[in-house]
Amino acid sequence: MLFTCVIVSGAGQPRYGGIGGQGGDVCVESKLQTRALKAVRDAFPEKRFIAGAGGNSSHKLLLGRKGKDVVIPVPLGISVYTDSGRLIGEVLEDGDKVVLAEGGEGGGPHNGWSGAKGQVRNINLDLKIIADIGLVGFPNAGKSTLVSAISRATPKIANYPFTTLRPEVGIMEYEDFRKISLADLPGLIEGAHINIGLGYKFLKHVERTKLLLFVVDVCGFQLSQKSYFRSALEMVFLLNKELELYKAKLVNKPAVLVINKIDMPSARDRLPELMDNLNNLPGG
């Protein structure tokens, strides 16, 4: 949460009909160079932003100067909410701006020549990754390995679940200078749509991807000894179901299925069975 405050505007000059300057605004602006919200927290640990006061009117300067704005650089994909949960705006392209708190109106005949107070707001910033492709899968399916192999990203890779705790974006570059961005998203588990596991922290990032890449371990998945073993086919169904239960419109996104780890010894028998099941799905 960020606490934003705007100083009052400038006073008017009734003798000469002068108008006081408007107080400065506090706003966020998306910057390609700012990659994560952590950078914002590190740069502004106090989380308090105060814009400049508007200038008073005088006989030498009848129109008071506007107060200095405060501009907070944020990553692309930020949604801005009030503390009551109302959406103020979003920054989706480089250079987009959203005003968090407006400066007060300058003093004039309509307000008794006294500068009005500006807005004071508590606001929340929520980041949803913007990427061309979002990798979706259960933990330890090999998403991070795939992203590191086809892009310059260097996600953490290990042989245990939930290695990826936050999205990692990689860029695939082609000889004709085309670029495709891929988001390696944290592993999904059953019940994510009701915030089990990493839940909403994962699912919200799926919303702004253009294409979903389902990455499924051909050998299946079992989170722990107390959990049910899920076959590769069951994981395909479950991934689709979790997305649908979170937001029904997500199932309409273009999607590609990647069967991973087919070089494992246990994949020899499971891959043909899985392919046969997929090719014979009802309506397929």
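Residues numbered from 1 in each chain as written. Predicted model: local features only at pLDDT ≥ 70, side-chain atom pairs only at ≥ 80, totals over all residues. Heavy atoms only, no water.

## Things to note about the overall build of the chain
And then number 1: Within the chain one finds five helices and 13 strands.
And then number 2: Here the contacts in the chain between residues at least 6 apart in sequence split such that 67% fall between residues at least 24 apart.
And then number 3: Surface exposure of the chain reaches about 15,700 Å², of which carbon and sulfur atoms provide 53%. (Helix = DSSP H or I, 4+ residues; strand = E, 2+ residues; numbered from the N terminus. Contact = heavy atoms within 4.5 Å. Areas by Shrake-Rupley, 256 points an atom, 1.4 Å probe, with all protein chains shown as cover.)

## Re helix α2 (residues 143–150)
And then number 1: Considered for burial, the residues of α2 that qualify are Lys143, Ser144 and Val147. On an axial view of α2, the arc spanned by its buried residues comes to 95°, and they lie on one face.
And then number 2: On the buried face of α2, the contacting elements are β9 (133–136), β11 (179–184) and β12 (211–217). (Buried < 20%, exposed > 50% of the residue type's maximum accessible area, 1.4 Å probe, protein only. Arc of directions from axis to C-beta.)

## Observations concerning the confidence of the model for the chain
And then number 1: The share of residues in the chain with pLDDT of 70 or more is 86%, and the mean pLDDT across the chain is 83.
And then number 2: Counting contacts from residues 155–164, a segment whose pLDDT is below 50, to residues more than four positions away or on other chains yields 29 contacts. (pLDDT = per-residue confidence, 0-100.)

## Regarding the sheet that holds strand β10 (residues 168–173)
The strands making up a sheet are joined through hydrogen bonds of the backbone, oriented either antiparallel or parallel.
And then number 1: Spatially, five strands are ordered β10-β11-β9-β12-β13 in an open sheet, and the strand pairing comes out mixed. If you trace the sheet from one side to the other, it starts and ends with β10 and β13 (255–260), each paired once. Each adjacent strand pair in this sheet contributes to an overall mean axis angle of 25°, direction not counted.
And then number 2: Sheet topology note: the β9/β12 ladder contains four bridges and is parallel. Bridge assignment links Val136 to a residue of β12, and that residue is Phe214.
And then number 3: Of the strands in this sheet, β9, β12 and β13 are in contact with helix α4 (residues 232–246), which crosses β12 at around 145°. (Pairing = 2+ DSSP bridges. Axes fitted to C-alpha atoms, helices over the stretch in contact; angles between N-to-C directions.)

## Observations regarding the packing of aromatic side chains
And then number 1: Under the definition given, this model contains two aromatic pairs.
And then number 2: With 5.0 Å between their ring centres and 65° between their planes, Phe44 and Phe49 make a pair best called edge-to-face.
And then number 3: The ring of Tyr174 has Arg178 sitting right over it, with the charged end atom 4.7 Å from the ring centre. (Phe/Tyr/Trp six-rings, centres within 6.5 Å; stacked < 30°, edge-to-face > 60°. Lys NZ or Arg CZ within 6 Å of the ring centre and 35° of its normal.)

## Some points on the nonpolar core
And then number 1: Core analysis: the largest hydrophobic core is formed by 44 residues, its most contacted members being Val28, Ile72, Val74, Ile78, Val80, Leu100 and Leu125.
And then number 2: Considering every element that reaches this core, the biggest residue donor is α4, with eight residues.
And then number 3: Aside from chain neighbours lying at most four places away, what touches Ile78 is Leu37, Gly89, Glu90, Val91, Leu125, Asp126, Leu127 and Arg208.
And then number 4: Formed by eight residues, the second largest nonpolar core is a distinct cluster that contains Ile133, Val147, Leu182 and Leu213. (Core = buried A, V, L, I, M, F, W, Y, C linked by side-chain atoms within 4.5 Å.)

## Side note on the pattern of salt bridges
And then number 1: Taken as a whole and judged by the stated rule, the model has 13 salt bridges.
And then number 2: In this structure, Asp176 engages Arg178 in a salt bridge whose closest nitrogen and oxygen atoms are separated by 2.8 Å.
And then number 3: Take Arg178: its relative accessible area is 49%, and that puts it in the partly exposed class.
And then number 4: Glu207 is paired through a salt bridge with Lys247; the nearest N and O atoms lie 2.9 Å apart. Taken together, the residues span a long stretch of sequence, with Glu207 in the loop between α3 (199–203) and β12 and Lys247 in the loop between α4 and β13 at a distance of 40 residues.
And then number 5: By relative accessible area, Glu207 is classed as buried at 17%.
And then number 6: Through salt bridges that share partners, Asp25, Lys66 and Asp69 make up one connected network. (Salt bridge = Lys/Arg side-chain N within 4 Å of Asp/Glu carboxyl O.)

## Concerning the side chain of Asp184
And then number 1: Assignment of secondary structure puts Asp184 in strand β11.
And then number 2: Within the local environment of Asp184, its side chain forms a polar contact with the side chain of Ser144, the two groups lying 2.5 Å apart. (Polar contact = N/O pair within 3.5 Å; in protein donor to acceptor, adjacent residues only side chain to side chain.)

## Considerations on the sheet that holds strand β4 (residues 70–74)
And then number 1: On the basis of which strands lie adjacent, the open sheet formed by three strands has the order β4-β2-β7 and mixed pairing. With one partner strand each, in any of the chains shown, β4 and β7 (97–101) form the two edges of the open sheet. Adjacent strand axes in the sheet meet at a mean angle of 25° when their direction is disregarded.
And then number 2: Of the pairings in the sheet, the one linking strand β2 (residues 26–30) to β4 comprises five bridges and is parallel in character. Residue pairing for β4: Cys27 is matched across the bridge by Val71.

## Some details on the environment of Gly142
And then number 1: Among the structural elements, Gly142 can be located in the loop between β9 and α2.
And then number 2: Residue class for Gly142 comes out buried when judged on its relative accessible area of 14%.
And then number 3: Along the primary structure Gly142 and Val216 are separated by 74 residues, whereas in three dimensions their C-alpha atoms are 8.1 Å apart.
And then number 4: With residues up to four places along the chain from it excluded, the contact list for Gly142 reads Val215, Asn260 and Lys261.

## Here's the deal with helix α5 (residues 267–279)
And then number 1: Relative to the 18 Å expected for 13 residues at 1.5 Å per residue, α5 spans 18 Å between its end C-alpha atoms, a close match to the ideal helical length.
And then number 2: Taken together, the buried positions of α5 are occupied by Ala267, Leu274 and Leu278. Burial along α5 is one-sided: seen end-on, the buried residues are contained in an arc of 35°. Opposite the packed face of α5, turned more than 90 degrees from it, sit the exposed residues Arg268, Asp269, Glu273 and Asn279.
And then number 3: Against the buried residues of α5 lie α4 and β13. (Expected span 1.5 Å × (residues − 1).)

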